[in-house]
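Breakdown of the fold
Letter by letter, the chains look like this.
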Amino acid sequence: MEGKDFLKKVPLFSGLSEEDLDRLITISREKFYPKDSVIFHREEAGNFFFLICSGRVKVIIETEDGKEAILSILYPTEFFGEMSLLDGEPRSASIVALEDTRVLIIQRDEFLNLLSKHPEMSLKILKTLSLRLRKANKQIETLMFFDAPGRIARILLDIVLDKGVKTEKGIAVDLDFTRQELGSLIGVSRETATRVLKNFEEEGIITVEKNHIIVHNLEKLKKRIY
Ligand code: CMP
């Protein structure tokens, strides 16, 4: 079971007292999902709130012929499953574990009770929903107005801004998803994603290494967004 030390690191719970955290431990339970398992499907009824303790999940929408769009990738201390609990509608997307993943689960009534007792938690959830809506708006813009190189340049820039690390060779970013997943985030095929990355490499904008990309020329990358 995740201890209090972990819960204290979760931004959503930062306003809770020691006593509140103890209570949180008693109302939540831990669950393990192996890599590639489905945590829940879109359109199912939703009765639980999920907080990621370790691992990574993708939020996806699938078509009947097996295509998938990745709406987001979520990491430890982030949460999902709040929408169905708040509006009573079925799950808006499916959630799949991208690697072995442990989550904390809180049942609907307990979760709503927690929110009514801690208005600051409701505000944090609203803030996260706003950020997710902003990101979704940006994704719509990218899909509607940019070509494949533009979409890839934009997502690389987002990742650079989010978690780029300055190195001697340039800005390094871990690519913790496959070309296929990169493509599914921005609506291009795996082949196109691979081709565009290769073109960027030939133009000296990036170097693709095993699990990461080094961006050598940020300005040139920005100019590819159109
Ligand atoms: P819910 O609709 O209950 O189940 C699917 C969950 O995926 C949803 O709650 C959110 O937690 C999450 N989700 C849906 N859309 C997005 C998005 N665009 N970005 C990040 N998370 C999302």
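One structure accompanies this document, and this report is about it. (Residues numbered from 1 in each chain as written. Predicted model: local features only at pLDDT ≥ 70, side-chain atom pairs only at ≥ 80, totals over all residues. Heavy atoms only, no water.)

**Remarks on the pairing of strand 4 (residues 57-62)**
In the sheet, strand 4 pairs with strand 5 (residues 68-74) via six bridges, with the strands oriented antiparallel. Its bridge partner lying in strand 5, I61 is registered against A69. Connecting strand 4 to the antiparallel partner strand 5 that follows it, the hairpin turn spans five residues, and G66 within it adopts a positive phi of roughly 90 degrees. Strand direction decides the pairing type here: strand 4 and strand 7 (residues 94-97), joined by four bridges, are antiparallel. Opposite V59, over in strand 7, you have I95 as the bridge partner. (Pairing = 2+ DSSP bridges. Helix = DSSP H or I, 4+ residues; strand = E, 2+ residues; numbered from the N terminus.)

**Digging into the nonpolar core**
Counting 30 residues, the largest nonpolar core has I152, L156, F200, I206, I213 and L221 as its most contacted members. Listed by contribution, the elements that provide at least two residues to this core are strand 5, helix 6 (148-163), strand 10 (171-174), helix 7 (179-186), helix 8 (190-202) and strand 12 (212-215). In terms of residue count, helix 6 provides more of this core than any other element does, eight residues in total. Once residues lying within four places of it in the same chain are set aside, the contact partners of I206 are L156, L197, F200, E201, I213, I214, V215 and H216. (Core = buried A, V, L, I, M, F, W, Y, C linked by side-chain atoms within 4.5 Å. Buried < 20%, exposed > 50% of the residue type's maximum accessible area, 1.4 Å probe, protein only. Contact = heavy atoms within 4.5 Å.)

**Looking at the sheet that holds strand 4**
Reading across from one edge, 2-7-4-5 is the order of the four strands in this open sheet, with antiparallel pairing throughout. Looking at which strands have only one partner, the edges of the open sheet turn out to be strand 2 (38-40) and strand 5. The mean inter-strand angle of the sheet, taken between neighbouring strand axes irrespective of direction, is 35 degrees. Pairing of strand 2 with strand 7, which is carried by two bridges, proceeds in the antiparallel orientation. Directly across from F40, in strand 7, lies its bridge partner I95. (Axes fitted to C-alpha atoms, helices over the stretch in contact; angles between N-to-C directions.)

**Here's the deal with a nonpolar patch on the surface**
Together, I140, L143, M144 and F145 make up a nonpolar patch on the protein surface, roughly 450 Å² of accessible area in all. Relative to the helices and strands, F145 is located in helix 5 (residues 119-145). The exposed category is assigned to F145, whose relative accessible area is 57%. (Patch = residues over 30% accessible without salt bridge, like charges linked within 9 Å, V, L, I, M, F, W, Y side chains within 5 Å. Areas by Shrake-Rupley, 256 points an atom, 1.4 Å probe, with all protein chains shown as cover. Salt bridge = Lys/Arg side-chain N within 4 Å of Asp/Glu carboxyl O.)

**Structural notes on helix 6**
Between its first and last C-alpha atoms helix 6 spans 22 Å; for 16 residues at 1.5 Å apiece the expected length is 22 Å, and the two agree. Of the residues making up helix 6, those classed as buried are A148, G150, R151, I152, A153, R154, I155, L156, L157, I159 and V160. Structurally, the start of helix 6 carries an N-cap: the backbone nitrogen of G150 is 2.9 Å from a side-chain oxygen of D147. (Expected span 1.5 Å × (residues − 1). Polar contact = N/O pair within 3.5 Å; in protein donor to acceptor, adjacent residues only side chain to side chain.)

**As for the pairing of strand 10**
Inspection of the sheet shows strand 9 (residues 165-166) paired to strand 10 by two bridges, in the antiparallel sense. Bridging from a neighbouring strand, K166 pairs with I171 of strand 10. In sequence, strand 9 turns back onto strand 10 through a hairpin of four residues, with G170 there showing a positive phi of about 150 degrees. Direction of pairing for strand 10 relative to strand 12: antiparallel, over a ladder of four bridges. The partner of I171 across the bridge, within strand 12, is V215.

**Focus: the site of the ligand**
Lining the immediate environment of the ligand, one finds 14 residues, of which G81, E82, S84, R91 and S92 sit closest. E82 is positioned such that a nitrogen or oxygen atom in its side chain is 2.7 Å from an oxygen atom of the ligand. Its free accessible area being 450 Å², the ligand has 92% of it covered by the protein chains. Mapped by element, the contributors of at least two residues to the shell around the ligand are strand 5 and helix 3 (82-87). Counting residues per element, the shell around the ligand draws most heavily on helix 3, at three residues. For the shell around the ligand, the per-class residue count stands at seven nonpolar, four polar and three charged. (Near = heavy atom within 4 Å. Nonpolar A, V, L, I, M, F, W, Y, C, P; charged D, E, K, R; others polar.)

**Focus: the side chain of R154**
Note that R154 resides in helix 6. Under the relative-accessibility criterion, R154 is labelled buried at 13%. Setting aside residues up to four positions removed in sequence, R154 forms contacts with K138, E141, T142, F146 and I225.

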